[in-house]
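# Architecture at a glance
If you want the building blocks of each chain, they are given just below.
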Amino acid sequence: MPPTATPATPALRRLRTTAGAACAALVATAAALLPLPAASAADSPGCRVDYTANRWTGGYTAAVRITNLGPQLTSWRLTWTYGGDEHVTSAWNATATQTGTAVTAVNAAWNGSLATGGATEFGVQGTWAAAAPAPSGFTLNGTPCNGGTTASPSPSPSGSPSPSPSPSPSPSGSPSGSASPSPSGSPSGSPSPSADPTPPVPGCGTAVVCSGFEDQTGSAPTGDWQTVTPNCSGTGTAAIDTAVAYSGTRSLRIDGRAGYCNHVFVGTTKDVSAVGPVVYARLRVRHTTALPAAHVTSLTFADARDGGKDLRIGGQNGALQWNRESDDATLPVQSPAGVAQSAALPTGRWVCLRFQIDTTQQAMRTYLDDVEVPGLHLDTVPTQDVDNQWLVRSTAPRPTTFRLGWESYGVGDDTLWFDDVALGSSPIAC
């Protein structure tokens, strides 16, 4: 027969309540003393990335700012993934490589140290065809960057580039031949323009090419000048103009149209392959439209030492630049600091453009209205934001052709004129 339960007395009930409370307090105390699991790297932001892109049809540049929210770094490696068909062609203030859609950027020699809370910036330039959405999956030395990522919107349907940093504005129109001041405020370490080592001579001297187009009798270039459309042709046109000229009564007019296959050039039939050892050129040019943010070209030289690929003068981000077709290197680098060391081309007036190309070493100088452009100064001493990309190739160029015209790689129409063109082995004055 089971035992009969004894009813709880008030004293017993008070004992049970006290014991339960003591047990709960003991459990809480033990829990407070036990170690909790550590937060994973993904749970704690280790860095912040601000990726700001300037896109146009077929191309883009992007400024990338890294803020270190973790321990101090002595070197850094940033990775990300593109969601479209973007392809990096060059970089500044970092070395960038790409495999498929995955991109890796590694610090330069001077910007590897990154303190906690410290930031650094670099940039990339590239191409795209079908789509260019904002990248994702940023990691810094393997740690996800979930402190925040920004990117500019995708290109507008019109393909117009978004605003980008531009150099200091050039002066308003001045009489032909007057000098334009050099760009303002070059950062420390930029090349210091100096006087010509050999004073240029007036006229053409003994130049191989010496033309004011006065020998042209029709509207189409003939004789020493022939119209060419490398690779493909479109709506761009070239003509001899008798209504606009710097000197005499004729000039070469180019109606350049946007889009690569709308390019048009007029090349000299003279043999320029033996000009040197330094190639000197002087010409007058008059632009209707300011240089666009997108990449354009107005002078080309086939380079015999680079597989016949073109050495080009044109513009990007609103300023003059040299560009190498083979690897898309630019002089200056298209970073804000690099662009600021170049110069915009004035519109609505004639300007004198002079330059020299050394065929024995990597050295070039460029002058706009007899003032050297610091960002277009190349020598054998590396200069940050100027020749970082250019000096990757050590072989000096050997120009074998000389062409004037217009080539656009996205947006950018222009009507421009050339006159008083000279190219030879001695400096030629404006």
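Check the entry above for the structure.
Residues numbered from 1 in each chain as written. Predicted model: local features only at pLDDT ≥ 70, side-chain atom pairs only at ≥ 80, totals over all residues. Heavy atoms only, no water.

### As for the side chain of Asp-303
- For Asp-303, the position within the fold is in the loop between strand 17 (296–302) and strand 18 (310–316).
- One buried charged residue, Asp-303, forms no salt bridge at all, with the nearest opposite charge on Arg-393 at 4.8 Å.
- Apart from the residues within four sequence positions on either side, Asp-303 is in contact with Gly-308, Lys-309, Pro-397 and Arg-398. (Helix = DSSP H or I, 4+ residues; strand = E, 2+ residues; numbered from the N terminus. Buried < 20%, exposed > 50% of the residue type's maximum accessible area, 1.4 Å probe, protein only. Lys, Arg positive; Asp, Glu negative; His and termini not counted. Salt bridge = Lys/Arg side-chain N within 4 Å of Asp/Glu carboxyl O. Contact = heavy atoms within 4.5 Å.)

### A few points about the sheet that holds strand 19 (residues 319–324)
- One open sheet holds the seven strands; their spatial order is 12-15-24-17-18-19-20, and the pairing between them is antiparallel. The open sheet is flanked by strand 12 (225–228) and strand 20 (330–331), the only strands paired with a single partner.
- Pairing of strand 17 with strand 18 involves six bridges; the strand directions are antiparallel. Bridging across to strand 18, Thr-300 finds its partner in Arg-312. (Pairing = 2+ DSSP bridges.)

### So, empty space enclosed by the protein
- Tallied over the entire structure, the rule returns two cavities of 30 Å³ or more.
- The calculated volume of the largest cavity comes to roughly 60 Å³.
- Every residue lining the largest cavity is listed: Asp-303, Asp-306, Lys-309, Asp-310, Leu-311, Arg-324, Gln-362, Trp-390, Arg-393, Thr-395 and Pro-397.
- For the lining of the largest cavity, a count of residues per class yields three nonpolar, two polar and six charged.
- Its boundaries defined by the atoms lining it, the second largest cavity holds a volume of some 40 Å³.
- Lining the second largest cavity, in full, are Leu-283, Val-285, His-287, Ser-298, Leu-299, Leu-320, Leu-345, Leu-353, Leu-416 and Phe-418.
- When contributions to the lining of the second largest cavity are tallied by element, the ones reaching two or more residues are strand 16 (278–287), strand 17 and strand 25 (414–424). (1 Å grid on protein atoms, 1.4 Å probe; cavity = no way out; pocket = protein on both sides within 12 Å on 5 of 7 lines; lining within 4 Å. Points joined across faces, edges and corners; volume = space filled by probe spheres on them. Nonpolar A, V, L, I, M, F, W, Y, C, P; charged D, E, K, R; others polar.)

### Describing the state of the cysteines
- For the structure on display, the rule yields four disulfides.
- The partner cysteine of Cys-47 in its disulfide is Cys-145, sulfur to sulfur 1.7 Å. Judged by the torsion about the S-S bond (-100 degrees), the Cys-47/Cys-145 disulfide is left-handed. Highlighted residues: Cys-47 in strand 1 (residues 47–56) and Cys-145 in the loop between strand 9 (143–144) and strand 10 (149–150), separated in sequence by 98 residues. Note on accessibility: Cys-47 and Cys-145 belong to one class, buried.
- Across the disulfide, Cys-204 is cross-linked to Cys-210 (sulfur-sulfur distance 2.0 Å). Note on the Cys-204 and Cys-210 pair: the S-S dihedral is about 80 degrees, so by sign convention the disulfide is right-handed.
- Look at Cys-204 and you get buried, because its relative accessible area is 15%. (Disulfide = S-S within 2.5 Å.)

Function cannot be read off these values alone, since they describe shape.
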